[in-house]
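In case you want the letters, here they are:
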Amino acid sequence: MRPAPFEYFAPRTVDEALDLLARHGEEAKLLAGGQSLVPMMNMRLARPAVVIDLNRVAALGVARVEAKRLRLGALVRQHALERDAHIAAAAPLLAEAAPLIGHLQTRARGTIGGSLAHADPAAELPACTIALDAVFHLRSARGSRQLPAADFFRGLLATALEPDELLAEIELPGPPAPRTGHGFAEVARRHGDFALAGACAVLSLDAAGVCRDARLVIFGAGDVPHLARAAAGLIGERPDPRRLAEAGRAGADEIDARGDLHATPEYRRRVAAGLAARALGRAATRAEAA
Amino acid sequence: MTARAGPTTHDVTAIVNGVERRARVIPRLLLADLLREEWGLTGTHLGCEHGACGACTVLLDGEPTRACLVFAVQVDGCRVDTVEGLAGDGAGLHPLQEAFRARHALQCGFCTPGILMTLTAYLREHLAPSEAELREALSGNLCRCTGYQHIVQAALDAAAAGRATAPPA
Amino acid sequence: MKFVGDRHLRKEDPRLLTGRGRYVADLTLPGLLHAVILRSPHAHARIRRIDTERARAHPGVVDVVTFADLGPAGRAMPVAPPHPALRGHNFAPLAGDRARFVGEPVAAVAAESRYAAEDAIELIEVEYEPLPSAQTLAPGAPAVHEDVADNLAGRVSLTRGDVEAALRAAPRVASVRLRIGRGGGQPMETRGLVADWNAALEQLTVWASSQVPHQIRQFIVDLLDLAPHQVRVVAPDVGGGFGAKLIVYPEDVLIPFLARRLARPVRWIEDRLEHMLAATQEREQEHEVTVGFDDAGQLLALRDRFVHDTGAYTPRGLVVPLLTASMLTGPYRIPAVESTFESRYTHRVPVTPYRGAGQPQAVFVIERVLDLVARETGRDRAQVRLANLVRAADMPWDTGLPNYRGSGHVVLDSGDLPSVLRRALESAGYEARAAEAAAARAEGRLVGVGVASYVELTGVGPFESARVRVDAAGRITAWSGVTTQGQGLETTLAQVAADELGVTPADVTVITGDTAGVEHGTGSFASRAAVVGGSAVALAARDVHAKTRLLAARALGVAEADLEQAGRAFTDRRRPERRVTFAELARLAGAATAALGVEPGLESTRFFQPTDMTYSSGAHVTLVELDPLSAAVRILGYWISHDSGRLINPLVVEGQLQGAVALGIGSALLEEIAYDETGQLLAGSYMDYLLPTATDVPTMVIDHLETPSPLNPLGLKGVGESGALPVPAVLASAIEDAVGPTGGRVTRMPLGPARLMELLPPVLSGDEGTGRDRAT
């Protein structure tokens, strides 16, 4: 399996990259870590006439930990989430999910932006960014815009990116506030595989242990990671196991679950419900301790 | 595959196993093919060509990287380390290779170079891995022959030997 | 010093570890062309027209061939072995007027680069007329071959005693339907060949990643009309076989054809997606089993009727279902047996043996039956097995069923099966594990213990050959007709030869898989290489050793009894300064006159023709836990007790067992070849066909017994496939134990997530379960 022919560009700046995108648009694919794109190209399922390699755009590879924000350039490698203590402190949910993204080799080369732009329904990072209420910075030669993560993922492998746009930066809120905890749980057939179902949760408690905010994202079960409306029902309540289990079930029921070779829709929905409860539980425990 | 009339070619210079090498490549040439076909470094093997088996793992700027998912043109200015460079110039084997031999951690040998490169990178960063951690680290390298048990033992041996000979902190 | 039995480190490792292995894809020749194959996208279609003009015109393309270009080579390849019940068909080097499975080769491109060849493939225009395809084993499916009614490739019934009468007389009877799905060997190195036609010398050399170079040579000789001396086939370093490289494929003839046609060397390297489509598969069967037994759990009668999916062609005839049928009784004494199968064609890639070769299915069936009998009689599963196992005193035990070769019955030659099982139970601490599992289940955890016993058919003939030679420099070389794919024969055969010759393994260079090394050979499959290949090496090395002693005695002017050997030299025991080396003896033999009284050369070619197969045995115990939410299986412990006769190299044997168990875990829990209703492969890449990784395979404890085989000079038995045989069965046993009496019964393999979930007991407490009705 070898790719079909293409023209190759390796811009050094974001502006150069945007210029190339503007010129080539639909014919072009952006190359970041290549862990999703190149297999498709080798199998000739993707046949871009132009490949714009972003790996030389240094500006996209910068991670900035600020007092109240974490700003991750799209080309930051996935393994930075595991290795960088500052990022882990700012976004412990990402640090917890990262070791489950593929394998060592995947994370050494794969990028945060690449995973998000690819938008596999069973990928960990899209769900985590939604749970953390991240803001995505999109740029094109026409200008910039920002989108909340929840609005970025439009469908199966489909995002809000226009053909001439690239995802430049992911902005996340900084270190978790006091009394806020995260939780993550997934089920995959083998270590490192895409999730059959997974959940991430961020939960905040008030001084009395009552939930004042909850975000629950279920992924792997449907075509896009799903921000569960059922989480809202936890606000104002104590996060006891029964309520969390109910929220998990309700959240899973909101999803039009998909079936494939690996799991039926019923399987995914059932497991998603349990994992959602588990993620919420872990978030609650951490929130208590925080 | 390399310089011919037709597609635009690109010049690549890389430090491969410590030695500078050059090539003129077409954009779609895979790094694995550059290593194997152009530079005769056939120790890096292609098992799946879609990033699943890890047999083609090399070190790219020190990081374990699937050579089937990188284009040759992308390694210009980079360091590439392959299995051929592990043993150094002498006639002996690298301690990791010795450990593999002692533990019968290879059978057909096809996946072995990729596993050696993954472990070389991993053991550099993780000096005292547990068996479970090692198995996770190896989860991106498929082996059909060994069942992994001897590979894990060899890696544990190599890690222990590494700690034994490491300079005091 | 003796080396057989030694945990000798492998001679082949230094080159493999340093990236100096020579696999087919590593080989290059001046002027090399790269071949890529166009494969049918339809499971069944008439091929009306192929237009190669645009492909030929593509830059870098040298030729494009279709069936029309093959000439006399354009015909079906032979089917072997024959069988009176077989209505066999085989593929041709390219499909002619019809394609019969997705992936069947239709055309080939040879170009200056792999990249150009892949581009050119896309430019070939094929006019297909898609036809309905047979994707089911039920009667009435579209015909795969017009002359085979009902797609019945063969129907065979093996019997012992009167099973119907025995079932009627049995105090208790139970039945179960079992189903096993398709999978494949999936070596890490795909298939491939380099073929080089020297037009001046009219010599063809082929390097093939194959388990059977001698068979490839034979097929090339037949189809390309060459004489055997014109064709050399070599299997270089091969990156695993597991059966995927066991048959002679269309490409094995097609690529040499191209090389000769173009008078340029041609290299074809299969890619993984092609391998998923076109490498042969195995295992798919549907069984209906009925067992008669008594209240003590004694087996009285066993009837198994099964349908076997043989795919679109039968390159190996009825071998796989015959193995399943003939090995059905496994290690157990069953007085009345009937095993009947129908092998049916489907429009899918052909089925030929992969590691286990029909025996994992037989083991799955009989072991499920044993668990069923245990459950029905309320007895412990291990005890029921012990009560029914063939005993050491029963050996040799004639099972009463014809063996798969039709050369006699399946006769278990030797072994102590109850001891093997007891050792596994001891090693695992079976009773303690069972108690722990029960205690865990009482707490709501899904923990279970499983047990399985098996025998494995090994060491098949017809023969293997070996040539051992001492050359004028004193170097010892041993050529064997077997091939290596990782089982360490360069070392183990050297150990055998070294013992016979009184030297060390370092002194013996073993060369396998080269038709120029030995004229006749069979190859590596069916756990035969060390047994049959090793026996031949032993015989040839013995001959050479005898000749060295004879010649040394002559050279030193002493009686043979006065010779002292130290490695590759002999001395006169009484006057040790008088010494003659192997090199000198070889030179002496090289110029042998009539007066010397021996034939020239210090070498011998010998064949070992086993009189029967020899049977290994084993037992596995496992401890598993299922996750109540996802139903995922975690293997907490795995214990193996194993008897493969005398072990040449226990280290190598352990590696074989561990690898085979890993493959078995894959076939039980992860690997499934699935097709849609039109014959399209659904698990077409490693994203969907899941091989076990290091996190899926447990650490195993292995215990060896050695009851030597009486059927070969060294007492050897095969082991290559052993580990794979009982894995689905032992996991099924453990999973059923874990889910308890209210959970489901395991009647099919593999068990993916959804099927596992169906096995869970209906009521799960705790805040994670969602309390669901069990699907029936």
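Residues numbered from 1 in each chain as written. Chains lettered and ligands numbered in written order. Predicted model: local features only at pLDDT ≥ 70, side-chain atom pairs only at ≥ 80, totals over all residues.

Draft legend 1. Molecular detail of the overall build of chain B. Secondary structure assignment for chain B yields 5 helices and 5 strands. The C-alpha atoms of chain B give a radius of gyration of 17 Å, which matches the 15 Å a tight globule of 169 residues would have. For chain B, the spread of C-alpha atoms along the principal axes amounts to about 55 × 35 × 25 Å. With 169 residues in all, chain B has 62% of them scored as buried. (Helix = DSSP H or I, 4+ residues; strand = E, 2+ residues; numbered from the N terminus. Rg over C-alpha atoms; globule rule 2.2 N^0.38 Å. Buried ≥ 20, exposed ≤ 12 C-beta atoms within 10 Å, placed from the backbone.)

Draft legend 2. Fine view of the overall build of chain A. Counting its secondary structure elements, chain A contains 11 helices and 14 strands. In terms of overall dimensions, chain A has a C-alpha envelope of 60 × 45 × 35 Å along the principal axes. Classification of the 290 residues of chain A by burial places 58% in the buried group. Partitioning the intrachain contacts of chain A with sequence separation of at least 6 by distance along the chain shows that 66% fall at a separation of at least 24. (Contact = placed C-beta atoms within 7 Å.)

Draft legend 3. Seen up close, the interface of chain C and chain A. Each partner contributes residues to the interface: chain C has 25 residues there, and chain A has 23 residues. Among the residues forming the side of chain C that touches chain A, the class breakdown is 12 nonpolar, 5 polar and 8 charged. (Nonpolar A, V, L, I, M, F, W, Y, C, P; charged D, E, K, R; others polar.)

Draft legend 4. Inspection of the sheet that holds strand β13 (residues 211-219) of chain A at higher detail. Residue and element names in this part refer to chain A. With antiparallel pairing, 4 strands are arranged side by side in an open sheet as β11-β12-β13-β14. Two strands close off the open sheet at either side, each with one partner strand: β11 (180-188) and β14 (226-227). As defined by bridge partners, strand β12 (residues 195-205) adjoins β13 across 8 bridges and the pair is classed as antiparallel. By the bridge assignment for β13, V202 is matched with R215. In the packing of helix α11 (residues 265-289) onto the sheet, the strands contacted are β11, β12 and β13, and the crossing angle to β12 comes to about 30°. (Pairing = 2+ DSSP bridges. Axes fitted to C-alpha atoms, helices over the stretch in contact; angles between N-to-C directions.)

Draft legend 5. Up close: the interface of chain C and chain B. Of the residues lining the interface, 46 residues belong to chain C; the matching set on chain B comes to 44 residues. For the side of chain C that touches chain B, the secondary structure elements donating two or more residues are α1 (13-17) and α16 (650-670) of chain C. For the side of chain C that touches chain B, the class distribution of residues is 22 nonpolar, 17 polar and 7 charged.

Draft legend 6. Fine view of the packing of helix α10 (residues 241-253) of chain A against α11(A). All names here are of chain A. Remark: α10 packs on α11, axes separated minimally by 7 Å, with the N-to-C direction vectors making an angle of 140°. In terms of their interaxial angle, α10 and α11 are classed as oblique. Here α10 and α11 pass one another in a crossing that is right-handed. Every residue of α11 that contacts α10 at P241, L244, A245, A247, G248, R249, G251 and A252 is listed here: R269, A272, A273, G274, A276, A277, L280 and G281. (Parallel < 35°, antiparallel > 145°, perpendicular 65-115°, else oblique. Left-handed = near helix turned anticlockwise from the far one by under 90°.)

Draft legend 7. Representation of unusual backbone geometry in the model. Backbone torsion omega between C:G461 and C:P462 reads -5°, so that peptide bond is classified as cis. Within the secondary structure, C:P462 sits in the loop between β18 (446-458) and β19 (464-470). Put simply, C:M749 and C:P750 share a cis peptide bond, and its omega is 0°. Residue position: C:P750 is located in the loop between β29 (748-749) and α18 (753-759). Even without being glycine, A:A119 reaches a positive phi, approximately 60°. Relative to the elements of secondary structure, A:A119 occurs in the loop between α7 (112-118) and α8 (124-131). For A:A119, a count of 23 C-beta atoms within 10 Å corresponds to the buried category. One non-glycine residue, C:F242, lies in the positive phi region at around 60°. Tracing the backbone shows C:F242 in the loop between β11 (231-234) and α6 (250-262).

Draft legend 8. Local environment of helix α15 (residues 582-590) of chain C. Residues and elements named next belong to chain C. Of the positions making up α15, those classed as buried are F582, L585, A586 and A589. Angular distribution of buried residues about the axis of α15 spans 100°; they occupy a single face of the element. On its buried face, α15 sits against β19, α14 (529-556), β23 (569-572) and β24 (579-581). (Arc of directions from axis to C-beta.)

Draft legend 9. Quick peek at the domain arrangement of chain A. All names here are of chain A. Here the domain parsing of chain A yields domain 1 (7-53), domain 2 (62-173) and domain 3 (181-289). When each unit is reduced to the centre of its C-alpha atoms, the spacing between domain 1 and domain 2 is 19 Å. Listed by partner, the interface residues are 14 residues for domain 1 and 17 residues for domain 2. Broken down by element, the residue count for the side of domain 1 that touches domain 2 peaks at 6 residues, all from helix α1 (residues 14-24). Split by residue class, the side of domain 1 that touches domain 2 holds 7 nonpolar, 5 polar and 2 charged. (Domains from an automatic or database assignment.)

Draft legend 10. Representation of the sheet that holds strand β9 (residues 192-198) of chain C. All names here are of chain C. Reading across the sheet, the 7 strands line up as β3-β5-β1-β12-β9-β10-β11 and stay open at both edges, with mixed pairing between neighbours. Each edge of the open sheet is held by one strand with a lone partner, namely β3 (61-66) and β11. The average undirected angle you get between the axes of adjacent strands in this sheet is 20°. Pairing between β3 and strand β5 (residues 105-111): 5 bridges, direction antiparallel. When the sheet's bridge partners are listed, T66 is paired in β5 with A107. Against the sheet, helix α5 (residues 213-224) touches β10 (203-208) and β11, its axis set at about 150° to β11. With respect to the sheet, α6 is in contact with β1 (33-39), β3, β5, β9, β10 and β12 (266-269), its orientation differing from that of β9 by roughly 30°.

Draft legend 11. A look at the environment of A:H226. Residue and element names in this part refer to chain A. Among the structural elements, H226 can be located in strand β14. Taking the number of C-beta atoms within 10 Å as the measure of exposure, H226 has 27 and is therefore buried. In this structure the C-alpha to C-alpha distance between H226 and S144, which are 82 residues apart in sequence, comes to 26 Å. What H226 contacts, discounting residues up to four positions off in sequence, is V217, I218, E254 and I255.

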